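This is what each chain is made of:
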Amino acid sequence: MQLKDKAALVTGGTMGIGEAIALDLAQHGADVAIAARNVSGPAQEVKKQIEALGRKCLLIAADLSQESPCNDSVAKTVEAFGRLNVLVHNAGGPSAGRIEDVSAEQWRTTMALHVDACFYLCKAALPHLKKAGEAAIITVSSTAGIRGVPGAITYATAKGAIPQFTRSLARDLGDFNIRVNCVAPGVIRTRFHDDMPEEKKQFNLQHRIPLHREGTSEQVAQVVNLLVTNDYITGETYVIDGGLTSRIV
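Rules of the game
- Residues numbered from 1 in each chain as written.
- Predicted model: local features only at pLDDT ≥ 70, side-chain atom pairs only at ≥ 80, totals over all residues.
- Heavy atoms only, no water.
- Pairing = 2+ DSSP bridges.
- Helix = DSSP H or I, 4+ residues; strand = E, 2+ residues; numbered from the N terminus.
- Axes fitted to C-alpha atoms, helices over the stretch in contact; angles between N-to-C directions.
- Contact = heavy atoms within 4.5 Å.
- Parallel < 35°, antiparallel > 145°, perpendicular 65-115°, else oblique.
- Left-handed = near helix turned anticlockwise from the far one by under 90°.
- Nonpolar A, V, L, I, M, F, W, Y, C, P; charged D, E, K, R; others polar.
- Salt bridge = Lys/Arg side-chain N within 4 Å of Asp/Glu carboxyl O.
- Buried < 20%, exposed > 50% of the residue type's maximum accessible area, 1.4 Å probe, protein only.

**Digging into the sheet that holds strand 7 (residues 237-240)**
Phase 1: Taken together, seven strands build an open sheet; the order of strands is 3-2-1-4-5-6-7 and the sheet is parallel. Only two strands of the sheet have a single neighbouring strand rather than two, namely strand 3 (57-61) and strand 7. Strand-to-strand twist of the sheet, defined as the mean angle between neighbouring strand axes without regard to direction, takes the value 15°.
Phase 2: Pairing of strand 1 (residues 7-11) with strand 4 (residues 86-89), which is carried by four bridges, proceeds in the parallel orientation. In the strand pairing of strand 4, Leu9 is matched with Leu87.
Phase 3: Its contacts with the sheet place helix 2 (residues 42-52) against strand 2 (31-36) and strand 3, and it is angled at close to 160° to strand 3.
Phase 4: Strands strand 1, strand 2 and strand 3 of the sheet are contacted by helix 3 (residues 67-81), whose axis makes an angle of about 155° with strand 3.

Here it is in structure tokens:
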């Protein structure tokens, strides 16, 4: 699929990986709607950058852990652009704690934002993606969802559900020429990892990541672009982690 004059909806596209994805899609010719909790401040800067590229940008304030805002985000995107060709569900956030420390509310909240939102968005987008005749859905998991991670059972479980959702949905939608793929970033240089102790960061770089460096949001966006534009890839989870998941330690 060529991105020129296509329309994309990116959730959580106001910073970090989501921002890089939104900007990359715009750079390659797409109009971009961004759905996020907060569409002031940094979100306005992203909008300016997209519009400076000659593309349209729509900011949508939405709590994506609920079904109605997910439906509204899709509807507003189609209303603004007249079409929807690409859906990227990137919105999420950390959720720390071992099982004995995690409340039922924390569990439900984490699942709602990462997993339920994926379901709501894809279901709402489906009629429009079918109408497009050629479309792509990108989900965002994490190496935590592949390997597991100590002290973050809710986050790792939620992210572990995303690749299976992706594979199953890809099987369902292949007949409609809608491709569904997933990216699973590792340690990426974003605010998400700002709270990680420096000692742990250095341990990761020296002992867990074979390339001995963090990845960048732009490197994740490059893979998203590949999965959107290459029309013979579907049902796959692409890991961007500098070799992290290949290590035993």
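**A few points about the packing of helix 1 (residues 16-27) against helix 8 (residues 217-229)**
Phase 1: Running from N to C, helix 1 and helix 8 point in directions that differ by 50°, and their axes come no closer than 8 Å. With respect to their mutual orientation, helix 1 and helix 8 come out oblique. You can see that helix 1 and helix 8 cross each other, and the crossing is right-handed. Taking contact as the criterion, the partners of Gly16, Ile17, Ala20, Ile21 and Asp24 in helix 1 are, on helix 8, Ser217, Glu218, Val220, Ala221, Val224 and Asn225.
Phase 2: The residue inventory of the contact of helix 1 with helix 8, partitioned by class, reads six nonpolar, three polar and two charged.

**What about the packing of helix 1 against helix 2?**
Phase 1: Interaxial distance between helix 1 and helix 2 falls to 9 Å at its minimum, and their mutual angle equals 15°. The pairing of helix 1 with helix 2 is recorded here as roughly parallel in orientation. You can see that helix 1 and helix 2 cross each other, and the crossing is right-handed. Each of Glu19, Ala22, Leu23 and Ala26 in helix 1 lies in contact with helix 2, whose residues at this interface are Val46, Gln49 and Ile50.
Phase 2: In terms of residue class, the contact of helix 1 with helix 2 is made up of five nonpolar, one polar and one charged.

**Concerning the pattern of salt bridges**
Phase 1: Applying the stated criterion across every chain, the model contains seven salt bridges.
Phase 2: Across the pair Glu45 and Lys48 runs a salt bridge whose closest N-O atoms are separated by 3.6 Å. Of the two residues, Glu45 and Lys48 are both situated in helix 2; the distance of three residues between them amounts to about one turn of the helix.
Phase 3: On the basis of relative accessible area, Glu45 is assigned to the partly exposed category, the value being 44%.
Phase 4: The exposed category is assigned to Lys48, whose relative accessible area is 52%.
Phase 5: A salt bridge links Arg189 to Glu214; its shortest N-O distance comes to 3.3 Å. With Arg189 in the loop between strand 6 (178-185) and helix 7 (198-208) and Glu214 in the loop between helix 7 and helix 8, this pair connects stretches of sequence that are 25 residues apart.
Phase 6: Given a relative accessible area of 52%, Arg189 falls into the exposed group.
Phase 7: When salt bridges with common partners are traced through the structure, they connect Asp5, Asp31, Arg55 and Arg83 into a single cluster.

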